[in-house]
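Spelled out, the chains give:
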Amino acid sequence: MKKPVFWLLLAALCLFSLAPAWAAEGAPLPQERELTQWEMDCLALPNSRPDRLDRYAAWAAKYPEAALETVVAQVNLDQDRTVYQDVQAAANPDSTAVLVNKHYALAQDYAPELEALGWPYGSGSLRPEAARAFRAMADAARAEGISLRSVSAYRSYQHQSTTYNRYLRYNRQATVDTFSARPGHSEHQTGLALDINAANVAARFERTPAYTWLQAHCAEYGFILRYMEGKESITGYRFEPWHYRYVGVEAAKACMEQGIAYEEYLALLPNPAPAQEEEPAPEPLPEPVPEPAPFPIFSGAPVEL
């Protein structure tokens, strides 16, 4: 009688040890669970990002009175994150749409293709597309009696590191972070940004005819005022009337005409639809035999259903 009991106990022990594996196989994975109505409403918004669903829920719990659209916008702006913590690599650094700020950084060895601005456009270099756009903008301004010159354009990671550390000798880091980017976080490293005519508050560039002209025309050439007044909590930097960034005409007009920061523009963009797998091209039909047919032969393109 003892042997059957022993084997029964052994079998029970084995089954018990395998139970977690069975439970794991039978339980739905987090990504497979059914979405709540709130989550479905959230994902129905055109600018929602599915990979941020948990962050949306956390923000909504923190601010229960906030409208769903506000929740999505604030999280898309990374307002739920602490600057310079859990920094992510800037996506598509070679794109003119790249976002570089206190949450997204460029690699230390990143250097874009560059083109010198040349005389009489000031110092420095930009990416070829941005360089051409700046020269065209400066030429148009000059025709109206306005002088636009670059005083600082592309900066390498090492250059920015030297600049930032120099400021730290005379100011607290919290102060420096309001007007200078830490290395890797500077838009100047993208080769798409430049300082025009001035690069300091004392110059009062916002009071000049050149600044007025830029506000009216920079978007026509694909540039935006990157660090607007009143947007410090979004951009992370104080108002810099001299700092302009090339983003392309469409994005630039949206930002300048609506008075929104580049982060806001990106936060409101519709989420791109997932890529669809391309269906294999249909094999060509054999050539029809040239003889009378009871029905006309259709030779047009196949209809997409």
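These numbers were taken from a predicted model, which means no experiment stands behind them.

### Here we look at the overall build of the protein chain
Then, in step 1: Check the secondary structure of the protein chain and you find 11 helices and eight strands.
Then, in step 2: Split into buried and exposed, the 305 residues of the protein chain put 39% on the buried side.
Then, in step 3: Element-wise, carbon and sulfur atoms account for 58% of the exposed surface of the protein chain, whose accessible area totals about 19000 Å².

### Points about the confidence of the model for the protein chain
Then, in step 1: Summing up the model confidence of the protein chain, the mean pLDDT is 85 and the portion of residues at 70 or higher is 79%.
Then, in step 2: Counting contacts from residues 1–30, a segment whose pLDDT is below 50, to residues more than four positions away or on other chains yields one contact.
Then, in step 3: Confidence drops under pLDDT 50 across residues 289–305; counting only partners more than four residues distant or on other chains, this segment forms one contact.

### Observations concerning the pattern of salt bridges
Then, in step 1: The full count for this structure, using the stated rule, is 13 salt bridges.
Then, in step 2: Aspartate 195 is the partner of arginine 155 in a salt bridge, and the nearest nitrogen-oxygen pair spans 3.3 Å. Residue arginine 155 is found in the loop between β5 (150–152) and α6 (157–168), and its partner aspartate 195 is found in strand β6 (residues 193–196); the two are separated by 40 residues along the sequence.
Then, in step 3: Given a relative accessible area of 14%, arginine 155 falls into the buried group.
Then, in step 4: Its salt-bridge partner being arginine 226, residue glutamate 263 comes within 2.7 Å of it at the nearest N-O pair. Taken together, the residues glutamate 263 in helix α11 (residues 262–268) and arginine 226 in strand β7 (residues 223–227) connect sequence positions 37 residues apart. Accessibility classification places glutamate 263 together with arginine 226 in one group, the buried group.
Then, in step 5: Linked through salt bridges whose partners overlap, the residues forming this network are Arg52, Arg55, Asp78, Asp80 and Arg81.

### Focus: the packing of helix α2 (residues 37–44) against helix α3 (residues 53–62)
Then, in step 1: Closest axis-to-axis distance for the α2/α3 pair is 11 Å, and the angle between their directions is 115°. In terms of orientation, α2 and α3 fall into the roughly perpendicular class. Pair α2 / α3 crosses with right-handed handedness. On α3, the residues touching Trp38, Glu39, Cys42 and Leu43 of α2 are Leu53, Tyr56, Ala57 and Ala60.

### A look at unusual backbone geometry
Then, in step 1: Look at the link from tryptophan 119 to proline 120: it is a cis peptide, with omega at 0°.
Then, in step 2: Along the chain, proline 120 falls in the loop between β3 (115–116) and β4 (125–126).
Then, in step 3: For aspartate 86, which is not a glycine, the phi torsion comes out positive at approximately 50°.
Then, in step 4: Tracing the backbone shows aspartate 86 in the loop between α4 (68–76) and β1 (88–89).

### Here's the deal with the pairing of strand β8 (residues 240–246)
Then, in step 1: Most of β8 sits out of view: seven of its seven residues are buried.
Then, in step 2: Bridge analysis of β7 against β8 gives four bridges, and the strand direction is antiparallel. Paired with tyrosine 227 across the strands is glutamate 240, a residue of β8.

### Side note on the side chain of glutamate 187
Then, in step 1: With respect to the secondary-structure elements, glutamate 187 resides in the loop between α7 (173–176) and β6.
Then, in step 2: Accessibility expressed as a relative area gives 1% for glutamate 187, which makes it buried.
Then, in step 3: Of note is the side chain of glutamate 187, whose polar atom sits 2.7 Å from the side chain of arginine 226.
Then, in step 4: A polar contact is formed between the side chain of glutamate 187 and the side chain of arginine 245, at a distance of 2.8 Å.

### With respect to the layout of surface pockets
Then, in step 1: Quantified by volume, the largest pocket comes out at close to 620 Å³.
Then, in step 2: If you trace the largest pocket, you find 24 residues lining it, with Arg49, Arg52, Ala91, Leu99 and Leu266 closest to the centre.
Then, in step 3: The set of elements that each furnish at least two residues to the lining of the largest pocket consists of β1 and α11.
Then, in step 4: A per-element tally of the lining of the largest pocket places α11 first, with three residues.
Then, in step 5: Taken together, the residues of the lining of the largest pocket sort by class into 13 nonpolar, six polar and five charged.
Then, in step 6: In this model, the second largest pocket occupies a volume close to 400 Å³.
Then, in step 7: For the second largest pocket, the lining is made up of 23 residues, of which Arg155, Tyr167, Phe179, Ser180 and Glu240 are closest to its centre.
Then, in step 8: Elements with a contribution of two residues or more to the lining of the second largest pocket: α6 and β8.

What counts, and at which threshold
Numbers given to residues run from 1 along each chain, matching the order in which its sequence is written. With the structure being a predicted model, the display of local features is reserved for residues of pLDDT at least 70 and the display and counting of side-chain atom pairs for 80 or more, all residues being used for whole-chain, interface and lining totals. Calculated side-chain values reflect all of the structure's heavy atoms, with hydrogen atoms and water omitted. Helix and strand definitions here come from DSSP, where helices need a minimum of 4 consecutive H or I residues and strands a minimum of 2 consecutive E residues; each element is numbered from the N-terminal end. Buried, partly exposed and exposed residues are distinguished by accessible area as a fraction of the type maximum, computed with a 1.4 Å probe on protein chains only: under 20%, between the cut-offs, and over 50%, respectively. Note on areas: these come from Shrake-Rupley sampling with a 1.4 Å probe, and a residue is covered only by the protein chains present in the view. Each residue gets a pLDDT score, which is the predictor's confidence in that residue and runs from 0 to 100. The contact rule is simple, with two residues in contact once any of their heavy atoms fall within 4.5 Å. Basic side-chain nitrogens of Lys or Arg form a salt bridge, by our definition, when they fall within 4 Å of a carboxyl oxygen of Asp or Glu. Axis definition: a line fitted to C-alpha atoms, over the contacting stretch in the case of helices. Angles run 0 to 180 degrees between N-to-C directions. Any angle that falls under 35 degrees is termed roughly parallel, while one over 145 is termed roughly antiparallel, one within 65 to 115 roughly perpendicular, and all others oblique. If you view the pair so one helix is near and one far, a crossing is left-handed when the near helix is turned anticlockwise from the far one by less than a right angle, and right-handed when it is turned clockwise. By the convention used here, strands pair only if DSSP detects at least 2 bridges between them. The term polar contact refers here to a pair of N or O atoms within 3.5 Å; inside protein, the definition further demands a hydrogen-donor-capable atom paired with an acceptor-capable atom, and it admits residues adjacent in sequence only when both atoms are side-chain atoms. Here a cavity denotes a set of grid points, spaced 1 Å apart and computed over the protein atoms alone, in which a 1.4 Å probe fits but from which it cannot get out, and a pocket denotes an open set meeting protein on both sides within 12 Å along at least five of seven lines; residues with an atom within 4 Å of a point are reported as lining. Grid points are joined across faces, edges and corners, and a volume is the space filled by probe spheres set on the points. Three classes are used, and their members are as follows: Ala, Val, Leu, Ile, Met, Phe, Trp, Tyr, Cys and Pro are nonpolar, Asp, Glu, Lys and Arg are charged, and the others, Gly among them, are polar.

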